[in-house]
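Each chain, letter by letter, is given below.
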Amino acid sequence: MKLRSSPASPFGRKAKIGAALCGIALEIEPADTTDPKDSVRAQNPLGKIPVLLRDDAAPLFDSRVILDYLDAEAGGGCIVPAGGEPRFAALTAQALADGLMDAALLQVYEVRFRPEQIRSPDWLATQAGKVERALAAFEAAPPAAGNVSAPAHVGEIALACALGYLDLRFEGAWRAGHPGLVSWLNSFAARVPAFEATRFHG
């Protein structure tokens, strides 16, 4: 299987870590979402990454669907708890962390793609508020580990990738006000070597 992604994508990083935890080998194929000629737009009509290409079936997107597929391929219960409250807690943590990443990405894109004179301070503040509220929620109650066979579940994977993206694009400013999350991320990195292995050094 091939994963269309880019080295800095936190959502692509989720898929890479999930595959590693499930023991599934993926070939990584770069994608340029800003290039109209890139085939990623045919593989995912939204033109977004990651996309998982399979030999015998349709492409899968987005990262949440890909992680669920990887879990199923590994027999279930690998990175997604099989049922009950642990499953919904992990999926909700993943949704919150994904939303954090979306809000962080929108701030980056506002600065990267819009000339300074037409940037919206209110828009940037709205997205920053989403990030801060998500961080506060995770600081108060980070995802509980366990209920899967791998060292981490999808909620933990997503949160680690979100924090890694804040380190990459926002110079780790989140760390000063969230000591509990700093400790949590250190613990995650120790449990999941794939986190460091997928770090983008750009």
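Residues numbered from 1 in each chain as written. Predicted model: local features only at pLDDT ≥ 70, side-chain atom pairs only at ≥ 80, totals over all residues. Heavy atoms only, no water.

Some points on the packing of helix α4 (residues 84-113) against helix α5 (residues 121-140)
Here is the rule we go by: Axis definition: a line fit to C-alpha positions, over the contact stretch in the case of helices; interaxial angles, taken between N-to-C directions, run 0 to 180 degrees. Helix numbers and strand numbers start at the N terminus; a helix is a DSSP run of H or I with at least 4 residues, a strand a run of E with at least 2. Each angle is binned into one of four classes, with values under 35 degrees roughly parallel, values over 145 roughly antiparallel, values of 65 to 115 roughly perpendicular, and all other values oblique. In this scheme the handedness of a crossing depends on how the near helix is turned from the far one: anticlockwise by less than a right angle means left-handed, clockwise means right-handed. Residues are treated as being in contact if the distance between any of their heavy atoms lies within 4.5 Å. Under the grouping applied here, Gly and all other residues not named as nonpolar or charged are polar, the nonpolar ones being Ala, Val, Leu, Ile, Met, Phe, Trp, Tyr, Cys and Pro and the charged ones Asp, Glu, Lys and Arg.
Closest axis-to-axis distance for the α4/α5 pair is 9 Å, and the angle between their directions is 150°. With respect to α5, the element α4 is oriented roughly antiparallel. Where α4 crosses over α5, the handedness of that crossing is left-handed. Seen from α4, the contacting residues are Ala-93, Leu-96, Ala-97, Leu-100, Ala-103, Ala-104, Leu-106, Gln-107 and Glu-110; seen from α5, they are Trp-123, Leu-124, Gln-127, Ala-128, Lys-130, Val-131, Ala-134, Leu-135, Ala-137 and Phe-138. Per-class residue counts for the contact of α4 with α5 are 15 nonpolar, 2 polar and 2 charged.

Brief notes about the nonpolar core
Counted only if it meets this: We call a set of buried Ala, Val, Leu, Ile, Met, Phe, Trp, Tyr and Cys residues a nonpolar core when their side-chain atoms join them within 4.5 Å. Categorising residues by exposure relies on relative accessible area from a 1.4 Å probe, with only protein chains included: less than 20% of the type maximum marks a residue as buried, more than 50% marks it as exposed, and the intermediate range marks it as partly exposed.
Residues Ile-79 and Leu-163 are the most contacted members of the largest nonpolar core, which totals 52 residues. Those elements giving two or more residues to this core turn out to be α1 (10-22), α3 (63-73), α4, α5, α6 (154-169), α7 (179-191) and α8 (193-197). Ranked by residues supplied to this core, first place goes to α6 with 10 residues. Other than its neighbours up to four places away in sequence, Leu-163 contacts Leu-135, Trp-174, Leu-181, Trp-184 and Leu-185. Ala-31, Val-40, Ile-49 and Val-51 belong to the second largest nonpolar core, which has 5 residues in total.

Examining the packing of α6 against α7
For the pair α6 and α7, the least separation of the axes is 10 Å and the interaxial angle reads 115°. Comparing the axis directions of α6 and α7 gives the class roughly perpendicular. Pair α6 / α7 crosses with left-handed handedness. Residue-level contacts link Glu-156, Ile-157, Leu-159, Ala-160, Leu-163 and Asp-167 of α6 to Leu-181, Trp-184, Leu-185, Phe-188 and Arg-191 of α7. Grouping the constituent residues of the contact of α6 with α7 by class yields 8 nonpolar, no polar and 3 charged.

Quick look at the sheet that holds strand β3 (residues 51-54)
What counts here: Only strands that DSSP links by at least two bridges are regarded as paired with each other.
Reading across the sheet, the 4 strands line up as β2-β1-β3-β4 and stay open at both edges, with mixed pairing between neighbours. Looking at the sheet topology across the chains shown, the edges are occupied by β2 (27-30) and β4 (57-60). In this sheet, adjacent strand axes meet at a mean angle of 25° when their direction is disregarded. Where strand β1 (residues 2-5) and β3 come together, 3 bridges link them in antiparallel fashion. Among the inter-strand pairings, Arg-4 is bridged to a residue of β3, identified as Val-51.

Structural notes on the pattern of salt bridges
Short version of the rule: Put simply, a salt bridge is a Lys or Arg side-chain nitrogen that is within 4 Å of an Asp or Glu carboxyl oxygen.
Within this structure, the stated rule accounts for 10 salt bridges. Between Arg-4 and Asp-38 there is a salt bridge whose closest N-O contact spans 2.9 Å. With Arg-4 in strand β1 and Asp-38 in the loop between β2 and α2 (40-43), this pair connects stretches of sequence that are 34 residues apart. With respect to burial, Arg-4 and Asp-38 carry one shared label: buried. Salt-bridge contacts for Glu-196 lead to Arg-199; the nearest nitrogen and oxygen are separated by 2.9 Å. Overall, Arg-199 belongs to the partly exposed group, its relative accessible area being 31%. Within this structure, Lys-2, Arg-4, Glu-29 and Asp-38 form a network of salt bridges that share partners.

All quantities given are derived from atomic positions and should not be read as evidence of function.
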